[in-house]
Structure formats: C-alpha cells, structure tokens
Amino acid sequence: MRWTSAEQATSESKFFYGWTIVAVGFLAHIASAFSISSTLSVFLKPLSEDLGISRGVFSLVRSGEILIIAAAAPLIGSIIDRHGGRWLMAAGGLISGAGFLLLGQARDFWQFLLFRWLLVSPGDALIGQMVVNVSISRWFVRMRGRALALAGMGHGLAKVGMPLLAASLIVTMGWRAAWAVFGIVTLVLVVGPSLLFMRRRPEDMGLLPDGRSPAQHESGAPADEAASARARQGAIAEVAWNRREAMRTPAFWLIVATFGVASIGVTGLNLHVFAFVSDQGHPAMVAALVMSIIAFMQFSTPIVWGLLAERGNIGRLIMAKFLIQAAGLLWALTAPGVPSLYAGFFLYGIGMGGTSILSEMIWASYFGRISLGKIRGIGSFLTHAFAAGGPPFFGLLFDATKSYLLSFSIFIGMLVVSAFLSLFLRPPRK
C-alpha cells in the first residue's frame, strides 16, 4: 500500500486523522441544514402565499423529499461500504448547491417542486446524516459517541441561526435571494473539503479506529470493567452482516419502529412549528426564536448524549430522550404565555439533541462497523418511509380543523409509544 506524504506524516504523528473526518462532517452537517423541514418552515407562509397553494399541498414538498432520500438510502449505503463518502459528498454538494440556486428562479409551484425533488433532495441524500455518520462510525468505536456528537454540532449550530437568518434574508432580500445564498454556501462548505480530506476508513491509511496503535490492538487485556465493556463493543464492531441476516433479527425491526413512529411527528412539527407559533398571534421573530431555542439545545446537548451513550445503556437513554420530548411538547401546548412556549420547546430540544447520536450509536453498536452502510441504508429507507407521512399529516389536519392542536397532541402520543418500544431493545446475536 502506498501512502501520500501527508498520510504518512499523519500516521506517524499523535494526531488521529479521524478527527479530520469529523471536521468535514461538521461542515457537511451545516450545509445539510439548509434543506430540512425546520428551514423550509420559515418559507412556508411567504412561499405558499406567493405561489398560491395551501399549507397541506405545500407540505407534500417535504414528504416527496423524504421518500426520495428513503429510496436512495439502500443504494447509497452499499456505495459507502465499498468506496467511502468522499465522492458521494462532493457530488451531493454540487447537486444540492445548484438546486438551491435554481429555487430562486421558480415562478410556479411545479417548478419549485421539480428543483427540490430532482436536485436538492438527491444532493441532500449524498451529504446528509447517513453518509456523514457512517463515515465517522468507521473511524471510531470506543469514542464513537463523542465523534458523532462533535460532527452533529454542525447541524445544530446551523439550526440555531437558520430561522433568524432565513427570516432576515426573506425580509431584506426576499425568499428567492435567500435560496441563492444557501446554494453558494453549500458549494463552499462541502465540495472542496470532501475532495481534499475525506477517507474511507482508518485501515486504508495504516491506522486503527480511535487512533489505537497496533500494539494496543493486539495486546492487552482491559484494565477495568469499563475498558472490558469497550473491548466487547469493539469486538461487535468487527462482525459482518448482510441485509437479509440483519432483517431477520428482532433488533432491526425494533430500532426501525422505535425511531420511525416518532419521526412522523418530528418531520411534521419541524415543517409547521413556525406557522404554529405565528398563528397564535406571536410575531415572526418569536416563532423564529422558538425554532432557534430547539436548535440551540440540539447544538449544545449532543456531546452529553454521546458521552452517556459511550458509558450507559443505549436503550434506556433512547427511552429518556423520547419522554423528555413528550414532556416539553405537552408543556408548550397546554401552558399559556410566551415563557411557557419557550420553556416547553427548550425541553423538547434537549430530547431532540439525542436523536441523531443515539440512533447512529445503536445501529453501529448492534450491527457493527464492517457492513454498517448497507444495514444503515435499509434501516434509513424504512424510518424515512414513516417520516414522509409527517408533513402532510400536520398540514392536512390543519386544513381540516384550522388548528394544530390535534396533530401536536397525536405527536405526544407517538413519542410515548416510541419510549415504550425502546424498553425492548436488545443487541442481536449472529
């Protein structure tokens, strides 16, 4: 195997190259936040009014996007296993960046829909959570929780400023120019860093996961119980599964159901929360601040969730996260006043902060590092199929009742169901 001088220097230094992969993932997570439901939520009112469509019809945009990403997930997962995320992410940055630039040129709803579905969504599938997190999980086992959390903070950071940034851009420049800004930033953040720095796995550079030396890998019995647990986790990470084997295990379907049920409400709320707050008579900046509060907690809490996941029972942590979300949403929905609104979504955001970390951790911990892409791909396909129903579910219920009360109440029930399902999560045996 021949290494470049840069790679050889990296392998001989104390700095572990896996943290470079985390940094590239951080930037990609920022760019991926431009296309998500909570960003589109800020555009819901001005865009639907300008293009002359109802909220229910507008919600179908996001459902179609989720289904496109779901359909692509199994294929993308297999490609990651074989070739890594380098070229996938670079292509995704180009495609989604071009899509955002064209969104500002849309004059009719069908044009907007076409650009989102044919460019933005496929591009997002290539730079989104699955590609980034599978790539990172290949580089880390013992420190996987903190690595995923640090990269995921890019998504949270973008979501903190996104509502206020998007609202400000719409006010000052119009919604068309706002999309163009997002397109330019996507090209800058994703394409170059992916091509320059992404690598498939540590073994390709003569390294081992977590920056362990070969001597550490081959020798030592663990010194204590915690180290023993980490060693067992590392052993699990090296087991290979194919899709059929994984789908025959109860663990696979429980993970899908646990996160799939809750994702129906999450995608619906993300798209409609801005309209939900503003419909109560609050100004647009209050609605934007609510979204920023949720995002700030998603930005600031993943490292805590990640460290807890490295040391604790993942199933119990997943249950806690869903119950925290349910409690926060119930508070925001039932207690009057702006302070309660902020406090409720603050609590909801704490629970949301654990979503991506715990879902990635349980897939990687239960099914391992070797074939994670293909297993994660089919799992993502199924959970996204659930999630696709969320935006129109909220939107069409609003069209029918002229209120979000019923859809938000049902979402609380979904979170409780997901918390209950998490009690039965157990690692599969092969």
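Asks: Any chance you could break down the overall build of the chain for me, citing the residues and the numbers?
Replies: Regarding its fold elements, the chain presents 21 helices and 0 strands. For 430 residues, the compact-globule formula gives about 22 Å, and the C-alpha radius of gyration of the chain, at 21 Å, lands near that figure. Dimensions along the principal axes, computed over C-alpha positions, put the chain at roughly 65 × 45 × 40 Å. Taking all 430 residues of the chain together, the buried fraction comes to 58%. Each charge class in the chain can be summarised by its mean position, and for the 34 positive and 20 negative side chains these summaries are 4 Å apart.

Asks: Summarise unusual backbone geometry; cite the residues concerned and give the values.
Replies: Keep in mind that most residues, glycine aside, have a negative phi and that most peptide bonds are trans. Even without a glycine there, the phi angle at D210 is positive, about 70°. Within the secondary structure, D210 sits in the loop between α9 (175-197) and α10 (214-218). Owing to a relative accessible area of 7%, D210 belongs among the buried residues under this scheme. One non-glycine residue, K402, lies in positive phi territory at about 60°. For K402, the location among the structural elements is in the loop between α20 (390-401) and α21 (405-421).

Asks: Can you explain the packing of helix α4 (residues 55-83) against helix α6 (residues 109-127)? Please cite residues and give values.
Replies: Between α4 and α6, the shortest axis-to-axis distance is 9 Å and the interhelical angle comes to 30°. In terms of orientation, α4 lies roughly parallel with respect to α6. Between α4 and α6 the crossing geometry is right-handed. Facing V57, F58, L60, V61, R62, G64, E65, I68, I69, A72 and I76 of α4, the residues of α6 in contact are F109, F112, L113, R116, W117, S121, P122, D124, A125 and L126. Tallied by class, the residues present in the contact of α4 with α6 amount to 15 nonpolar, 2 polar and 4 charged.

Asks: Explain the packing of helix α13 (residues 250-279) against helix α16 (residues 314-334) residue by residue, including any values.
Replies: Across the interface, α13 lies against α16 with an axial gap of 13 Å and an inter-helix angle of 30°. Taken together, the axis directions place α13 and α16 in an arrangement best described as roughly parallel. α16 is crossed by α13, and the crossing has left-handed handedness. The segment α13 lies against α16, with T258, F259, A262, V266, L269 and F276 engaging I318, K321, F322, Q325, L329 and L333. For the contact of α13 with α16, the class distribution of residues is 9 nonpolar, 2 polar and 1 charged.

Asks: Got a sec to walk through the nonpolar core? Specific residues and values, please.
Replies: Inside soluble globular proteins, nonpolar side chains tend to come together where they are buried. In terms of nonpolar packing, the biggest core is built from 126 residues, with F43, F112, W179 and F345 touching the most fellow members. In terms of residue count, α13 provides more of this core than any other element does, 17 residues in total. Beyond its immediate sequence surroundings of up to four residues, W179 is in contact with F34, L40, F43, L47, F100, L101, L103, G104, F112 and R116.

Asks: Explain the pattern of salt bridges to me, using residue names and the numbers behind them.
Replies: Enumeration according to the criterion identifies 10 salt bridges in this entry. Between E310 and R146 there is a salt bridge whose closest N-O contact spans 2.6 Å. With E310 in helix α15 (residues 302-311) and R146 in helix α8 (residues 144-173), this pair connects stretches of sequence that are 164 residues apart. Residue classification places E310 among the buried residues on the basis of a relative accessible area of 15%. A salt bridge links E360 to R376, with the shortest nitrogen-to-oxygen separation between them at 3.0 Å. Here E360, found in helix α18 (residues 355-367), pairs with R376, found in helix α19 (residues 372-387); they are 16 residues apart in sequence, far enough to count as distant. Residue classification places E360 among the buried positions, given a relative accessible area of 2%. Here the salt bridges do not stand alone but share partners, grouping D81, R138 and K374 into one network.

Asks: Let's hear about the side chain of T267: which residues, and what values?
Replies: Among the secondary structure elements, T267 is positioned in helix α13. Of note is the side chain of T267, whose polar atom sits 3.0 Å from the backbone oxygen of S263. Among the polar contacts listed, one links the side chain of T267 to the backbone oxygen of I264, at a separation of 3.2 Å.

Asks: I'd love a proper account of the environment of K430, names of residues and values included.
Replies: Looking at where K430 falls in the secondary structure, it is placed in the segment after α21. Given the relative accessible area of 60%, K430 is considered exposed. Between the alpha carbons of K430 and E245 there is a distance of 8.2 Å; along the sequence they are 185 residues apart. Beyond its immediate stretch of four places on either side in the chain, K430 contacts V239, A240, W241 and E245.

Thresholds, definitions, all that
Residues numbered from 1 in each chain as written. Predicted model: local features only at pLDDT ≥ 70, side-chain atom pairs only at ≥ 80, totals over all residues. Heavy atoms only, no water. Helix = DSSP H or I, 4+ residues; strand = E, 2+ residues; numbered from the N terminus. Rg over C-alpha atoms; globule rule 2.2 N^0.38 Å. Buried < 20%, exposed > 50% of the residue type's maximum accessible area, 1.4 Å probe, protein only. Lys, Arg positive; Asp, Glu negative; His and termini not counted. Charge placed at Lys NZ, Arg CZ, Asp CG, Glu CD. Axes fitted to C-alpha atoms, helices over the stretch in contact; angles between N-to-C directions. Parallel < 35°, antiparallel > 145°, perpendicular 65-115°, else oblique. Left-handed = near helix turned anticlockwise from the far one by under 90°. Contact = heavy atoms within 4.5 Å. Nonpolar A, V, L, I, M, F, W, Y, C, P; charged D, E, K, R; others polar. Core = buried A, V, L, I, M, F, W, Y, C linked by side-chain atoms within 4.5 Å. Salt bridge = Lys/Arg side-chain N within 4 Å of Asp/Glu carboxyl O. Polar contact = N/O pair within 3.5 Å; in protein donor to acceptor, adjacent residues only side chain to side chain.

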